[in-house]
Amino acid sequence: MRSVLITGAGSGIGLQLARDYAADGWRVVACGRDRSRLEQALEGVEAELCLFDMENREQTVRVLGAQAELDLVILNAGSCEYIDDALHFDAALFERVIRTNLIGTANCMAPLLARIKRGGRLALVGSSVTWLPLPRAEAYGASKAGLDYLARSLALDLSHRRIGVSLVRPGFVDTPLTRKNDFPMPGRISVQQASHAIRRGLSRGRAEIGFPFGFVLALRLLSWLPRGLWLWLTRRTPRSTT
Ligand SMILES: NC(=O)c1ccc[n+]([C@@H]2O[C@H](COP(=O)([O-])OP(=O)(O)OC[C@H]3O[C@@H](n4cnc5c(N)ncnc54)[C@H](OP(=O)(O)O)[C@@H]3O)[C@@H](O)[C@H]2O)c1
């Protein structure tokens, strides 16, 4: 039986991944911070629960350090907050987002990397935001750009142990995280579609898994625009990010 550990399994993309891998017959270790929330979300799903706040390194290392060997680790948990007033930069917000998305991910990696089987895989859930700078995304984008580099660098250092590393770069997915957004979200897809794209990419051993295709293509084309033109365009469009 293949095994997968998923962080942020209590809602959104992580929850759908837990449901789908369990339905496919995998042993699923579902991680979250709140037992009752996790139990409620995963009702009827065959999964082992793993409880910790990934911002608490001591707790994270202790809890994850007790895990058996795994075929797949998906570090998906994360948060998003926007910088509304760049001029009066909110350093506390910046720290919160970096602490969750980047430091929290590293806290999980510390006990887990040595528990991934030879031939296994680590997936980090980043974002398509890093294709180009978007307004208000200073904190979120910086945290996800950190994950981009982390994934590419780790891939080099883990290859000798035959552990693959995948960077997942979703566009807009309909989850509690994006339901807070008050701006248009082009190409938004369901968690079922996101889970399908991620599982397919991972099963094929892709180093980068970006979706949905049309949205990623649009971002990539925009990223090739001269910087001045992108600046001019962002001044004229509603402020949004993913
Ligand atoms: N939705 C999108 O459009 C989109 C696009 C690009 C990238 N992403 C990325 O996809 C990932 C999943 O996001 P989602 O959209 O599925 O959002 P979500 O429904 O809000 O799920 C995020 C999960 O992360 C968990 N989490 C947050 N901080 C944590 C901490 N300190 N310790 C343990 N767990 C923590 C949350 O647990 P609690 O329930 O306890 O808060 C929640 O289960 C995130 O990394 C996000 O940045 C999402």
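Conventions adopted
- Residues numbered from 1 in each chain as written.
- Predicted model: local features only at pLDDT ≥ 70, side-chain atom pairs only at ≥ 80, totals over all residues.
- Heavy atoms only, no water.
- Salt bridge = Lys/Arg side-chain N within 4 Å of Asp/Glu carboxyl O.
- Helix = DSSP H or I, 4+ residues; strand = E, 2+ residues; numbered from the N terminus.
- Buried < 20%, exposed > 50% of the residue type's maximum accessible area, 1.4 Å probe, protein only.
- Pairing = 2+ DSSP bridges.
- Axes fitted to C-alpha atoms, helices over the stretch in contact; angles between N-to-C directions.
- Contact = heavy atoms within 4.5 Å.
- Core = buried A, V, L, I, M, F, W, Y, C linked by side-chain atoms within 4.5 Å.

**With respect to the pattern of salt bridges**
Counted under the stated rule, the structure contains 13 salt bridges. A salt bridge links Arg99 to Glu95, with the nearest nitrogen and oxygen atoms 2.2 Å apart. Here the residue Arg99 and the residue Glu95 both occupy positions in helix α4 (residues 91-112), the gap between them amounting to four residues, near one helical turn. Note on Arg99: relative accessible area 36%, which makes it partly exposed. The exposure class assigned to Glu95 is partly exposed, which follows from its relative accessible area of 44%. Connected through salt bridges with shared partners, the residues Asp20, Asp24 and Arg199 form a single ionic network.

**Details of the sheet that holds strand β6 (residues 164-170)**
Within the open sheet, the seven strands sit side by side as β3-β2-β1-β4-β5-β6-β7. Their pairing is parallel. Looking at the sheet topology across the chains shown, the edges are occupied by β3 (48-51) and β7 (208-211). Neighbouring strand axes in the sheet, compared pairwise and without regard to direction, differ in orientation by 15° on average. In this structure, strand β5 (residues 116-125) lies alongside β6, joined through five bridges in parallel fashion. Bridged to Ala123 within β6 is Ser166. Of the strands in this sheet, β4 (70-75), β5, β6 and β7 touch helix α7 (residues 191-203), which is tilted by about 155° from β7.

**Points about the nonpolar core**
Val4, Ile6, Tyr21, Val28, Ile74, Leu202 and Phe211 are the most contacted members of the largest nonpolar core, which totals 30 residues. Counting only elements with at least two residues in this core, the list comes to β1 (3-6), α1 (12-23), β2 (27-32), α2 (35-41), β4, β5, α7 and β7. The leading source of residues in this core is α1, at six residues. Not counting residues up to four positions away in its chain, the partners in contact with Val28 are Val4, Ile6, Ala18, Tyr21, Ala22, Glu46, Ala47 and Glu48. Leu64, Cys108, Leu112 and Ala151 belong to the second largest nonpolar core, which has 25 residues in total.

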